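Coordinate inspection notes
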Amino acid sequence: METKEAYRALGLDHSASDAELKATWRKLVATWHPDRNPAAEAVQRMQAINKAYQHIRLVREGKLAGDAPADSTDSTYGADSPQPEAPAHGSAHPQADAQADPQAHTHRPPHVRKVRLSLEEACLGCTRTVRGQFTQTCSTCVGTGQRVLATACPTCRGKGAVRKPVLFGWSWTEEACPDCSGDGRQRAPCDVCDSTGTQTVSYRRRVRFPAGTREGHVLSVPAARHGDLEVDLELAIEIEPHPLFTLDDNGVLRCEMPVNGYAWMTGRWVDVPTPDGLQHMRLTRDALVYRLAGKGFPATPNGPRGDFMVRVAPVFPPLDDPQQADLLDQLIASSTQAAQADDTQPLGQWARRLKSWQPG
Ligand SMILES: [Zn+2]
Ligand SMILES: [Zn+2]
């Protein structure tokens, strides 16, 4: 790779400062890292970005012959880039720069993944083990799949250029050595990543999810070391649809539940499902909606819980069984008799008005 191509790959030119170079590289990594960018070209772009960055770094640290000798053989160089690379770049702070230089693992973008919680886990909070793996640019070869050695490239004997015959072998021209991209240094396959440029890293983290975690929340888990890599996790929360409950924004949980109409009429107790489990609740025939205060969902993470609202739908089963019909007849007869005797009740008043009525 030629230095000017490396700059072009990063969208910079020779005048970029070390800080600009580093910032641009990080921005491009954040955009193109295959963990974040699903585009098919992401892996290739990432490798090209890392290769360009590594090349410029080596030149600036003085570990790689700069453009002067290599590019002087390139006839197009002078025309395209009238300003040769300032030698000060490489020697300004070579040591400090090498030390401050981000290793790929300390500045890689966080690993983003989904975590699904049940509504109860999200409501009450939970601790879960999050496991997974991700692919990471090889930190040894920065994604190039090759290590650059100190020894001279055997193909071009360190010259960075090879001769190519032209005019049926009567003459020759020089072009960049294909085996060392023109820098004259020997390459060896990267044994850390088997020349793939990437490493697969497995992780396993115990994570505490606060009570009141919502769909769409992103939980950042601080960096931890995995092998020789340091990784931030970002967990995007998904809440599983609940078979019984719906959740309002203000934390009110709602549940609709059919109840036996006779039990509802007669004020019986029923079991109501809540995030904490089943809870006894007394029905009353005057009410279809019941509020269980503080049994809902936290409106804010770790905040107080909202209310739990139960709407009951009384269902009157058919009384097909003769014994049930008999019992109901007895109930109607006895309750009608008692009601008609009471003048203060509508049935008693009605009975009196009916008696005084003389049909024509
Ligand atoms: Zn590697
Ligand atoms: Zn070579």
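What you see is a predicted model, and the numbers here were worked out from it, not measured in a lab.

Quick word on the coordination of the zinc ion (ligand 1)
In this structure, Cys138 (SG), Cys141 (SG), Cys190 (SG) and Cys193 (SG) serve as the protein donors to the zinc ion (ligand 1), at separations of 2.2 to 2.3 Å. Classification of the site at the zinc ion (ligand 1) rests on its 4 donor atoms, whose angles at the metal span 101 to 117°, yielding the label tetrahedral.

Thoughts on the coordination of the zinc ion (ligand 2)
Coordination of the zinc ion (ligand 2) by the protein involves Cys153 (SG), Cys156 (SG), Cys177 (SG) and Cys180 (SG), with metal-donor separations of 2.3 Å. Sequence positions of the residues that donate to the zinc ion (ligand 2) give the spacing C-x2-C-x20-C-x2-C. Taken as a pair, Cys156 in the loop between strand E3 (146-152) and strand E4 (161-166) and Cys180 in the loop between strand E5 (171-176) and strand E6 (185-189) lie far apart in primary sequence, 24 residues in all. Each member of the pair Cys156 and Cys180 is classed as buried.

A closer look at the pattern of salt bridges
Scanning the entire structure with this criterion turns up 11 salt bridges. A salt bridge links Lys114 to Glu238; its shortest N-O distance comes to 3.7 Å. Of this pair, Lys114 sits in strand E1 (residues 111-117) while Glu238 sits in strand E9 (residues 229-239), and the two are 124 residues apart along the sequence. Judged by its relative accessible area of 19%, Glu238 falls in the buried class. Each member of the salt-bridge network shares a partner with another, and the members are Lys114, Arg116 and Glu238.

Some thoughts on the confidence of the model for the protein chain
Looking at the protein chain as a whole, the pLDDT averages 81, with 83% of positions reaching at least 70. Mean pLDDT values over the elements of the protein chain span from 32, in helix H5 (residues 77-80), up to 97, in strand E15 (residues 308-315).

Overview of the nonpolar core
Counting residues in each nonpolar core, the largest one holds 35 residues, and the members touching the most others are Phe209, Met281 and Val310. For this core, the element with the most residues is E9, which contributes 5 residues. What Phe209 contacts, discounting residues up to four positions off in sequence, is Val115, Leu117, Gly125, Cys126, Arg128, Val130, Leu219, Leu235 and Ile237. Ala6, Leu21, Met46 and Ile49 belong to the second-largest nonpolar core, a separate cluster that totals 14 residues.

Thoughts on the environment of Glu174
Mapped onto the elements, Glu174 comes out in strand E5. For Glu174, a relative accessible area of 34% puts it in the partly exposed group. Between the C-alpha atoms of Glu174 and Lys164, which are 10 residues apart in sequence, the distance is 6.0 Å.

Quick look at the side chain of Arg214
Summarising the element assignment, Arg214 is placed in the loop between strand E7 (198-209) and strand E8 (218-226). Buried and unpaired, Arg214 has no salt bridge, with Asp249 as the nearest side chain of opposite charge at 4.5 Å. Of the polar contacts made by the side chain of Arg214, one reaches the backbone oxygen of Asp248; its length is 3.3 Å. Excluding residues that lie within four positions of it along the chain, Arg214 makes contacts with Ile237, Ile239, Leu247, Asp248, Asp249, Asn250, Gly251, Phe297, Pro298 and Ala299.

Side note on the environment of Glu5
Mapped onto the elements of the fold, Glu5 is located in helix H1 (residues 3-10). On the basis of relative accessible area, Glu5 is assigned to the partly exposed category, the value being 37%.

With respect to the sheet that holds strand E11 (residues 253-260)
One open sheet holds the 4 strands; their spatial order is E10-E11-E15-E14, and the pairing between them is mixed. In this open sheet, the two strands that pair with only one neighbour each are strand E10 (245-247) and strand E14 (289-292). Averaged over neighbouring strand pairs, the angle between their axes works out to 25° when direction is ignored. Here E10 pairs with E11 via 3 bridges, running antiparallel. Paired with Thr246 across the two strands is Arg254, which belongs to E11.

Regarding unusual backbone geometry
The phi torsion at Val142 lies on the positive side, around 45°, for a residue other than glycine. Tracing the chain through its elements places Val142 in the loop between strand E2 (126-137) and E3. You will see that Arg157, though not glycine, has its phi angle at about 55°, which is positive.

Let's talk about the packing of aromatic side chains
Considering all chains together, one arrives at 3 aromatic pairs under this definition. Measuring from centroid to centroid gives 4.3 Å for Trp25 and Tyr53, while their planes differ by 10°, and the two rings are stacked. In this pair, Trp25 is assigned in helix H2 (residues 18-32) and Tyr53 in helix H3 (residues 42-60), connecting sequence segments 28 residues apart.

Calculation rules
- Residues numbered from 1 in each chain as written.
- Chains lettered and ligands numbered in written order.
- Predicted model: local features only at pLDDT ≥ 70, side-chain atom pairs only at ≥ 80, totals over all residues.
- Heavy atoms only, no water.
- Donors = N, O, S within 2.8 Å, 3.2 Å for Na, K, Ca; no water.
- Tetrahedral: all angles 85-135°; square planar, octahedral: opposite > 155°, others 65-115°.
- Helix = DSSP H or I, 4+ residues; strand = E, 2+ residues; numbered from the N terminus.
- Buried < 20%, exposed > 50% of the residue type's maximum accessible area, 1.4 Å probe, protein only.
- Salt bridge = Lys/Arg side-chain N within 4 Å of Asp/Glu carboxyl O.
- pLDDT = per-residue confidence, 0-100.
- Core = buried A, V, L, I, M, F, W, Y, C linked by side-chain atoms within 4.5 Å.
- Contact = heavy atoms within 4.5 Å.
- Lys, Arg positive; Asp, Glu negative; His and termini not counted.
- Polar contact = N/O pair within 3.5 Å; in protein donor to acceptor, adjacent residues only side chain to side chain.
- Pairing = 2+ DSSP bridges.
- Axes fitted to C-alpha atoms, helices over the stretch in contact; angles between N-to-C directions.
- Phe/Tyr/Trp six-rings, centres within 6.5 Å; stacked < 30°, edge-to-face > 60°.

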